[in-house]
Amino acid sequence: MLISKKWLQEFVKIPAGLTDQELANRISLSTVEVERVDDQAVNMHHMVVGVIESVEKHPNADRLRVCQVNVGISLAQIVCGGTNVAVGMKVAVALPGSWVRWHGEGELVEIKHTKLRGEPSEGMICASSEIGLPQTEGDGEILDLSHLDVPAGIVLAEALEMNDVIFDIEHKSLTNRPDLMGHYGMAREISALTKASLNVYKPKTIAPGKGMTLNVSVENTDLCPRYMAVAMEGIHVEASPRWLQRRLEACGVRSINNVVDVSNFVMLELGQPMHAFDADVLGDQIVVRLAKPHEKMTALDEKTYQLDSDMLVIANGEKPMAIAGVMGGEGSGVSDKTTRIVFESANFSPVSVRKTSTKLALRSESSARFEKSLDPTVCELALRRAVELLSELSPGARVASKVVDVYARPPKPVTVSFSVSLVNERLGTQIPAKIMEEILTQLGFKVRIKKDVFDVTIPSWRATKDVEIVEDVIEEIARLYGYDNIVSTLPSFTITPPYVDRVRVLERSAREVLVGAGATETYQYAFVRPQTLELLGESLDAHLKLANPLAEDRPYLVRSLVPNLLETVIKNQRLFDSVRLFQSERVFRKEENGEEMGEGSDLLPLQPRLITGVYSGKGNDQPFWEAKKMLDQIMKKLGFAYVLAPSEQPESWQHPVRQARVLVDGVVVGTIAEVDPQKAEALGLDHRVSVFELNLNAFADLPEPLVQYEPVMVHPASERDLAFVVDERVAYGAIEEKVQGHSPFLKQIELFDVYRGKGVEEGKKSLAVHFIFRSADRTLESKEVDAEIQKIRQVLETEFGATIRT
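About the criteria used
- Residues numbered from 1 in each chain as written.
- Predicted model: local features only at pLDDT ≥ 70, side-chain atom pairs only at ≥ 80, totals over all residues.
- Heavy atoms only, no water.
- Helix = DSSP H or I, 4+ residues; strand = E, 2+ residues; numbered from the N terminus.
- Rg over C-alpha atoms; globule rule 2.2 N^0.38 Å.
- Buried < 20%, exposed > 50% of the residue type's maximum accessible area, 1.4 Å probe, protein only.
- Contact = heavy atoms within 4.5 Å.
- Areas by Shrake-Rupley, 256 points an atom, 1.4 Å probe, with all protein chains shown as cover.
- Expected span 1.5 Å × (residues − 1).
- UniProt positions renumbered as here; feature names shortened; annotations may be inferred.
- Disulfide = S-S within 2.5 Å.
- Pairing = 2+ DSSP bridges.
- Axes fitted to C-alpha atoms, helices over the stretch in contact; angles between N-to-C directions.

Student: If you had to explain the overall build of the protein chain to someone new, which residues and values would you point to?
Tutor: Helix and strand content of the protein chain: 21 helices and 42 strands. For 806 residues, the compact-globule estimate of 2.2 N^0.38 gives 28 Å, and the C-alpha radius of gyration of the protein chain, at 44 Å, exceeds that figure by more than 25%. Across the 806 residues of the protein chain, 50% fall into the buried class. Contacts in the protein chain between residues at least 24 apart in sequence constitute 70% of all its contacts with a sequence separation of at least 6. Accessible area for the protein chain stands at about 41,400 Å²; split by element, carbon and sulfur atoms hold 50% of it.

Laid out in C-alpha cells, this is it:
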C-alpha cells in the first residue's frame, strides 16, 4: 500500500527534525513494516521549468537548433534536436549535474557543459521519457509544459506536483490493522508515535435533498451490517482536476473521471471503499441479497462471472448491479452520459467478501480492505466526504434524496480492565500509570482510572477483531513505550535437563546403521494372520486376539516382527535377487505385565520395542553371516560388546543349529537365526533367510557403555586368514572369546565362512576366520605377525581340538 507524505501532512504536523527514513523506521518498529521510501523528486534534481526565448538554426547541423532558454536566474543556451520547440514554449530543462535517460533508453547519463557541433550547450531540453514520465498520446518530441501557470526557473518536481515522498507499506503487515488502510488512519498513528497534534476529520453533514426516493432492503444483516446510500443529481462527468489526479497517481491508482476518482480518493483517505451507481440504471430500489443459483453478472473488468447462492450482491430488484465488497457491475457504472448517481457506503462481512473474492478469483482494492474487517462507523464519514468533495468538483451537483442508513445492530463499545501491576508484570517493566494513560489516550482509547485499575474503552476503529482483550491493550502500551526501552533480562528459573528416552535414542542409532548398510525400512500394522503363525509353528494362544479387528484376516496382535517381515520377503524375493529389510515397532506380549490400565483393572501387556532385520539372497548359502554383519554394525554403533550363545529352546521358526541368543553382560537382548528350511518351504520362501531381532528395551535397562578415547592408529595393520575344522558342537563365540586374550596385537576377529560337506567329516564344521593385527607405536614385521598366528593355532589345537586346514 502506498502512502503520500503530503497527504498525511494535511492531517498531522510531522516534526520538522524527523527525516523521512527515521519516520519510516519508527513506523516499522512499532506498527507496520515500511518496505521502501521513495522521494519522487530525487530523479529531478537540477531540473527546472524553462521558457524558450528564441530558436535559431544550428550553423553546422541541419537537424539541430540553438535555443535561448530562460531558466529563471539567467538565459541558458541549449542545443536541441526537438522538432516541436517554439518561442514562448515552457519546457523541462535538465541543467548540468542532473541525470537523464537518453531518448528514454539505456542507462542514466549525467548532463554536463558541452559543445555540440561547435556550439556551447548548457543543459538539455527533455522529452517525457527522458525524465521518467510516461509518454502520453499527442505528446511531441519535447515535453510541452505551456499549460502550467508557473514562472520560469521553478523546480520541475514542484511544477509537476511530483515533490512528494511515498511510503510503501508491506500489505501483509496490515492484516490486523484495517484502520491504517487510509491516510487519515495512518496520520492518526503517526500522531500517537510522534505526539504531534491531529486535525479532526469532520466533513460537512449531508442535508437531505429532494427529487429521488431511495428504497433500500438488506435481507441479510449478518453479511451487511450497515448500508448507506444517497442520490445526487446535476452531475457533469469530466476529467478530475490535476491535484486530484496527482494524488491518486502517487498512490498507484489511475484517474478515470471526477465521480469515480472521488470514490477512490475517499477510499485512500479513510480506508472505506465506496461505489457510485448510475442512478438512471440502478433505479430507486436497492436490494442487498444473496445471489440466486446460476445468476451471472458482468463486472467493471468486462468479464462475466457465474455467481452462487453464498455470494452477496447489490441488486436493483431485478438483477445484480454489483458484487458486494468486490466489484461493481459494468452496466450500472458511471459513464460520460451520467447525470444522476447513487453513492454507496457500506460495511460487509469480511468472511463473505474473502470467500466470494477467492471463488471468483477476483481481487480488488475494495475486497482487500473489506477482508480485514472494517469499522462500520466510518461509512457515514466516507459518504459525507464523498458528497462534499463531488460538490466542490462539480458545482452543479446537489443531493437529490435523503440519506438512507440501514444499521441493524450497531456494535456496543468494548471495555477492558486491568491493573498497572499486571502490565508491568507481563512486560517486565516499571512503567508509571501516568505514562500508560498518556499512551492509550494518544491512541484514541478512553481511559478511566480507579486507584490502580484502568477501565479502557476501545475506539471503534480498533475494535474490529484487533483489540479485544487485556493482552491486546498491553501490547499497545509496549509498542508505543518502545520495545527498545524494555530491558532484556534472562528469565530466572531452574533449568532441568529434558528426559532422554533411551529406547528412542537406541532405535534412531540402529536405524541409521541399517539404512547405511543398504537395508530398506518397512512400515506394517501390528496385526498378523493366524495362517502365517501356524505355518511358522507359533501358538495362537500366546498371541492377543482383538475383539474388533480392523481386518478380519488379521485378528491377532504381533508378539514378534518376524512373521510379517517374512511375508514381505516373499513378495520381494520374486522381484529382487537380494532382499535386505528391517522394521522397528512395538510388540504385545500378554504373558508379561506392563503398565496398569486403571485402578482395579488388569495390567496392560508388556509392549517392548523391537528392531528386526532379515536377509535373503539368491544363491547365497550363508545368509546367517549377512545377518550377523548387520548385527555387528548395530552393536558397534550402540557401543555394546556381545557374545552369541546357542539357545537350548529355539523359537519354532528358527533353524535348530544355525541360531543363537545375543547376550550383553549375560543378559539376553535378542536372537539371530536362519529360518528353519521346512518352515521356509511351507511359508513359500524361495531362498534361505536369516533374521536377527533385538529388544531395545532390554538394551535401555543396561548400564550405558563407557566411551573411551582411542587415538587414531598411524601404523598400518597386518591381516591373516586361518581355516580350521572343529567339532560341530563347538560354538564360535567361545573360540573368539578365548583367542582374543592371547595376543596383545590382535585388534579384530571376523568369521567369514562356515563350511560343512565334502572334505569335512560328519559332525564337524570348517570355520574361516579373518585376523587383523596392529601396533600403536610401530609397524609389525611379518615374522612378528606369524608368531602371533602360531600362538592362536596352539590355542585352537589345545583348547578346541581344532585341525588347521592348509
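From this point, the discussion proceeds with the structure in view.
Student: Quick one: what's the story with helix H13 (residues 470-481), residue by residue and with numbers?
Tutor: Because an α-helix packs 3.6 residues into every turn, residues spaced three or four apart end up facing the same way. Compared with the 16 Å implied by 1.5 Å per residue over 12 residues, the 17 Å span of H13 between its first and last C-alpha is a close match. Counting buried positions along H13 gives nine out of 12 residues, so the element sits mostly inside the fold. Residues of H13 that are buried: Val470, Asp472, Val473, Ile474, Glu476, Ile477, Ala478, Arg479 and Leu480.

Student: Run through unusual backbone geometry, naming residues and quoting values.
Tutor: Residues other than glycine seldom take positive phi values, yet His103 does so here, at roughly 55 degrees. Residue placement: His103 occurs in the loop between strand E7 (99-101) and strand E8 (108-110). Residue class for His103 comes out exposed when judged on its relative accessible area of 55%. Phi at Ala361 is positive, roughly 55 degrees, even though this residue is not glycine.

Student: Outline the UniProt feature "domain: B5" (unreviewed entry) in the protein chain, supporting the account with residue identities and numerical values.
Tutor: In the numbering used here, UniProt assigns the feature "domain: B5" (unreviewed entry) to residues 411-488. Measuring from the first to the last C-alpha atom of residues 411-488 gives 40 Å, for a span that is 38% helix and 22% strand.

Student: Quick one: what's the story with the state of the cysteines, residue by residue and with numbers?
Tutor: Scanning the model with the defined rule gives zero disulfides in all. Cys67 provides the cysteine sulfur closest to Cys80, a residue in no disulfide bond, and the two sulfurs are 5.4 Å apart. Cys80 gets classed as buried once you look at its relative accessible area, which sits at 5%. The structure places no disulfide on Cys126, whose sulfur is separated from the nearest cysteine sulfur, that of Cys80, by 9.0 Å.

Student: Would you mind going over the sheet that holds strand E42 (residues 803-804) in detail, with residue names and values included?
Tutor: As summarised here, the arrangement of the four strands in space is E40-E41-E39-E42, forming an open sheet in which the pairing is antiparallel. A strand with exactly one partner marks an edge of an open sheet, and here the two such strands are strand E40 (746-755) and E42. One ladder, built from eight bridges, connects E40 with strand E41 (residues 764-773); its direction is antiparallel. Of the residues in E41, the one forming a bridge with Asp753 is Ala768. Here helix H20 (residues 732-740) sits on the sheet in contact with strand E39 (718-727), E40 and E41, set at roughly 155 degrees to E40. Sheet strands touched by helix H21 (residues 782-800): E39, E40, E41 and E42. Its angle to E39, the strand with the most contacts, is close to 15 degrees.

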